[in-house]
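Take a look at the letters that make up each chain.
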Amino acid sequence: MTVSLEVSDNVGTIRLDRPPMNALDVATQDRLRELAEEATRRDDVRAVILYGGEKVFAAGADIKEMQAMDHTAMVVRSKALQDSFTAVARIPKPVVAAVTGYALGGGCELALCADFRIAADNAKFGQPEILLGLIPGAGGTQRLARLVGPSKAKDLIFTGRHVKAEEALTIGLVDRVVPAAEVYEQARAWAARLARGPALALRAAKESVDAGLETDIDTGLTIERNWFAGLFATEDRERGMRSFVEEGPGKAEFL
């Protein structure tokens, strides 16, 4: 398999494994969607790590495969391509990308689908599609601009240049830079901490932020209000408030 899902202690790792560069061919894209949907369904998965291994996250699409496609073929394929990445972005649980080495093109777009990005100090990001006479097609023009702002996104997309880890941190493309040997360990610590949290409240928080960014503030506030009130019907809310009153803040244990 070019992509696998391994689950341990309520943390699921979606692992890319297509040596040498984890190129995202059609089969890998489709498998990624299947496993994102599986991680969404499974109750024993409460947080997710995206990981490409110790050397590389993903160096982009399989260019030889794409070169053989004509306009008609890509009209059909482009929707499935975007759907694969959207399935990852819509996992209703905390998702962290653990990025080592190259995260270019589709690899960068995959990292953008996470809620949090931890990069190795040797990581390089970029959207080099312009150098092929193309633009990003798996969400890069949309998610990158929303994350770092339109001006910085246009700089990266227009030039196709690579961004080293420290610059990626400065512009907000990643959230933390660590030694390469610590990337997965730190991603797992982040995911494990949230996997112990209140699952429905985390889902509500993620949906409120993500859906709110796609609409006007009044609609966003309505989304927030509905989730906020709805959580008062949950056992986790009862457990959290009872623990706060009886034991103090931050001591609740959620099932």
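Our subject is the structure listed above.
Residues numbered from 1 in each chain as written. Predicted model: local features only at pLDDT ≥ 70, side-chain atom pairs only at ≥ 80, totals over all residues. Heavy atoms only, no water.

K.L.:
I'd like a description of the sheet that holds strand E5 (residues 102-104), backed by residues and values.
P.N.:
The strands that make up a sheet are held in pairs by hydrogen bonds between backbone atoms, and each pair lies either parallel or antiparallel. On the basis of which strands lie adjacent, the open sheet formed by three strands has the order E5-E7-E8 and mixed pairing. Because the sheet does not close on itself, it has two edges, and the strands there are E5 and strand E8 (162-164). The average undirected angle you get between the axes of adjacent strands in this sheet is 20 degrees. Pairing of E5 with strand E7 (residues 124-126), which is carried by three bridges, proceeds in the parallel orientation. Paired with Tyr-102 across the two strands is Lys-124, which belongs to E7. (Pairing = 2+ DSSP bridges. Helix = DSSP H or I, 4+ residues; strand = E, 2+ residues; numbered from the N terminus. Axes fitted to C-alpha atoms, helices over the stretch in contact; angles between N-to-C directions.)

K.L.:
For the packing of aromatic side chains, give the residues involved together with the corresponding values.
P.N.:
According to the stated counting rule, one finds three aromatic pairs in the structure shown. For the ring pair Tyr-51 and Tyr-184, a centre distance of 4.8 Å and an interplane angle of 40 degrees mean the geometry is tilted. Linking Tyr-51 in strand E3 (residues 47-51) with Tyr-184 in helix H8 (residues 183-195), this pair joins segments that are 133 residues apart in sequence. (Phe/Tyr/Trp six-rings, centres within 6.5 Å; stacked < 30°, edge-to-face > 60°.)

K.L.:
Mind laying out the pattern of salt bridges, listing which residues take part and the relevant values?
P.N.:
Following the criterion strictly, the structure yields 13 salt bridges and no others. In this structure, Arg-33 engages Glu-37 in a salt bridge whose closest nitrogen and oxygen atoms are separated by 3.8 Å. With a gap of four residues between them, Arg-33 and Glu-37 both fall in helix H1 (residues 26-41), about one helical turn apart. For Asp-83, the salt bridge is made with Lys-79, and the minimal N-O distance between the two is 3.0 Å. A residue pair is termed a helical-turn pair when its members lie 3 or 4 positions apart in one helix, as Asp-83 and Lys-79 do in helix H3 (residues 71-89) at four residues. Among the charged side chains, a network of salt bridges with common partners joins Arg-18, Asp-25 and Asp-62. (Salt bridge = Lys/Arg side-chain N within 4 Å of Asp/Glu carboxyl O.)

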